[in-house]
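Architecture and fold: a report
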Amino acid sequence: MSLHEAHSTSKNDVTIILSELDRIFQRKCSPPRKDGDENSNTNFVGGLLSAYAQTGNYKLIQKAEEIAQLLLPAFNTPTGIPNGLINPKTGRGRTYDWTIDDSANLAEFGTLHLDFKYLSDITGNPIYREKVEIVRKVMRDIPKPNGLYFNYLNTITGKWVENDVSLGASGDSFYEYLLKAYIHSGKEGLEAKEMYVAAMKAIDKWMIRESRGGLLYVSDMKIQILDQKMGHLACFSGGMFALGSQNLPNSSAVRHLYIGKGFTNT
C-alpha cells in the first residue's frame, strides 16, 4: 500500500468512526453502561485523541470531549478519586459491587491522567486537567508503606483498602501512565517521573525476584506475602522498564534495562 493509499484509507476510517459516533449520540446512547471509567476513557476518549493526533481532524476532539463530559460526574466524590462506574444518562457514579468499602481501582483512576490532561491542552478547557491533578495530588501525598501503592483506595476517606500490590491486574496502567505522562510532558513533568522512579524502586526491592532457573519475574503481593507467580497482565512491564531505561537518568536506566530484558526473556 502506498502512502497516498494509506492516507486515504485513514481518512475513510475516520469518516466511518465519526458517522458511527453520530449515530450513537443521536440515539442518546453512550459508551457501555457496564463499562468502567478506565475502559471508557482508554477505548473512547484515548482512542479518539490518538486518532486526532494522527489526522488533525478536530471533529474527533469534539467527540472525545462529549464522552469526557459524560465521565466527569464520576469525580464527584469527597476525595476527588473517581468512582469506577458512571451512568452517563443520570450522571450517578458508584463503585463496583465486588469492591470492598467504596473502593476504586488504582489501575483505573490512575489511568485517566494522560488523556484528560491532553484533552485540556488541545481544547483549552482546564476542567479535565484539574480533575486528574487532584487525583495525582492524592496519590503523591498518601502514605505508601515501604513505598508501595496498594490496589484499592476508598473514594470517600482517601485511605487504602486492603494491602494488595500488583504490577499486573489492578495496578498495571497506573505505573505505565506515570512514565508516559513524564515523556509526554517533554520530560518537564518531574512529579510524574519522581513518583514513577520511587514506585519502581519499591517494586524492585520488594516484589521482583529471580527463580532458581534464572528467570526474572515480578510477583503480586498479598498481605505482605509474595504470591511467587507473575500474572499475564504484568507481562507488558518488560516494555515499560525498557522504555524507562531510555528516558530516565543513568542511575535508574541500567537497572531498568536489565529488568526489562529479564521480564521479556521470562
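Residues numbered from 1 in each chain as written. Predicted model: local features only at pLDDT ≥ 70, side-chain atom pairs only at ≥ 80, totals over all residues. Heavy atoms only, no water.

**Quick notes on the overall build of the chain**
Just so we agree on the cut-off: Secondary structure is summarised from DSSP: a helix means a run of H or I of at least four residues, a strand means a run of E of at least two, and numbering begins at the N terminus for each. Burial classes: relative accessible area under 20% of the type maximum marks a residue as buried, over 50% as exposed, and values in between as partly exposed (1.4 Å probe, protein chains only). We get accessible surface area from the Shrake-Rupley algorithm with a probe of 1.4 Å; when it comes to residues, only the shown protein chains can shield them.
Of regular secondary structure, the chain possesses 10 helices and 9 strands. Evaluated residue by residue, the chain yields a buried proportion of 48% over its 266 residues. On the chain, roughly 13700 Å² of surface is accessible, and the fraction owed to carbon and sulfur atoms is 53%.

**Concerning the pattern of salt bridges**
Rules: Salt bridges are defined by distance alone: a side-chain nitrogen of Lys or Arg within 4 Å of a carboxyl oxygen of Asp or Glu.
This model, assessed by the stated rule, comprises 11 salt bridges. The residue R94 makes a salt bridge to D97 at a minimum N-O spacing of 3.1 Å. We classify R94 as partly exposed; its relative accessible area is 43%. In this structure, K180 engages E176 in a salt bridge whose closest nitrogen and oxygen atoms are separated by 2.6 Å. Here the residue K180 and the residue E176 both occupy positions in helix α7 (residues 172–184), the gap between them amounting to 4 residues, near one helical turn.

**Concerning the confidence of the model for the chain**
What counts is decided by this rule: Residue-level confidence of the predictor, termed pLDDT, takes values from 0 up to 100. Residue contacts follow a heavy-atom distance rule, with two residues in contact if any of their heavy atoms lie within 4.5 Å.
Mean pLDDT over the chain: 88, with 85% of residues reaching 70 or higher. Confidence over residues 1–7 falls short of pLDDT 50; this stretch has 2 contacts with residues more than four positions distant or in other chains. Low pLDDT, under 50, characterises residues 28–35; the stretch is placed with 18 contacts to residues that sit more than four places away or in other chains.

**A word on the side chain of S173**
This is how it is decided: By the criterion applied in these results, polar contacts are pairs of N or O atoms within 3.5 Å in which, for protein atoms, one can donate a hydrogen and the other can accept it, and in which residues neighboring in sequence qualify only through two side-chain atoms.
Relative to the assigned elements, S173 resides in helix α7. Within the structure, the side chain of S173 is placed 2.6 Å from the side chain of T111, a separation counted as a polar contact.

**Overview of the sheet that holds strand β4 (residues 152–154)**
As a reminder, the rule being used: When DSSP finds two or more bridges between two strands, those strands count as paired.
With antiparallel pairing, 3 strands are arranged side by side in an open sheet as β3-β4-β5. Each edge of the sheet is formed by a strand with only one pairing partner; in this case those strands are β3 (103–105) and β5 (160–161). Across 2 bridges, the pairing between β4 and β5 is antiparallel. Of the residues in β5, the one forming a bridge with L153 is W160.

**Re the packing of helix α8 (residues 190–206) against helix α10 (residues 250–265)**
Condition: Inter-axis angles, ranging from 0 to 180 degrees, are taken between N-to-C directions of lines fitted to C-alpha atoms, where helices are fitted over the stretch in contact. Here the word oblique covers every angle except those under 35 degrees (roughly parallel), over 145 (roughly antiparallel) and from 65 to 115 (roughly perpendicular). Note on convention: near helix rotated counterclockwise from far helix by under a right angle means a left-handed crossing. Clockwise means right-handed. Note on residue categories: nonpolar means Ala, Val, Leu, Ile, Met, Phe, Trp, Tyr, Cys or Pro, charged means Asp, Glu, Lys or Arg, and polar means any other residue, Gly included.
One way to put it is that α8 packs onto α10 with a least axis distance of 12 Å and a crossing angle of 55 degrees. The orientation of α8 relative to α10 falls into the category oblique. With respect to the hand of their crossing, α8 and α10 are arranged in left-handed fashion. Each of Y196, V197, M200 and D204 in α8 lies in contact with α10, whose residues at this interface are S252, R255, H256 and I259. By residue class, the composition of the contact of α8 with α10 is 4 nonpolar, 2 polar and 2 charged.

**Digging into the packing of helix α6 (residues 127–141) against α8**
Remark: α6 packs on α8, axes separated minimally by 11 Å, with the N-to-C direction vectors making an angle of 40 degrees. When the axis of α6 is compared with that of α8, the two are oblique. Crossing of α6 against α8: the hand is left-handed. Seen from α6, the contacting residues are R136, M139 and R140; seen from α8, they are E191, A192 and M195.

**Digging into the environment of K201**
Inspection of the secondary structure puts K201 in helix α8. Note on K201: relative accessible area 67%, which makes it exposed.

**Focus on unusual backbone geometry**
In the Ramachandran plot, E162 falls in the positive-phi region, its phi being about 60 degrees despite a non-glycine side chain. When you line up the elements, E162 lands in the loop between β5 and α7. The partly exposed category is assigned to E162, whose relative accessible area is 42%. Positive phi, close to 80 degrees, is recorded for S170, a residue that is not glycine.

**Quick notes on the environment of F75**
Note that F75 resides in the loop between α3 (58–71) and β1 (85–87). The residues contacting F75, other than those within four sequence positions of it, are G80, P82, L112, F116, K131, V132 and V135.

**Section: the nonpolar core**
Condition: Only buried residues count toward a nonpolar core, which is a set of Ala, Val, Leu, Ile, Met, Phe, Trp, Tyr and Cys residues joined through side-chain atoms within 4.5 Å.
If you look at the biggest cluster of nonpolar residues, it comprises 62 residues, and the most contacted ones within it are M139, Y149, Y175, M200 and I203. Setting aside residues no more than four positions away along its own chain, Y149 makes contact with L106, M139, K144, W160, D164, V165, F174, Y175, M195 and A199.

**Quick look at helix α5 (residues 112–123)**
What counts is decided by this rule: Helix span is expected to be 1.5 Å times the residue number reduced by one.
For α5, which comprises 12 residues, the first-to-last C-alpha distance of 17 Å matches the rise-based estimate of 16 Å (1.5 Å per residue) to within 8%. Of the residues making up α5, those classed as buried are L112, H113, L114, D115, F116, Y118, L119 and S120.

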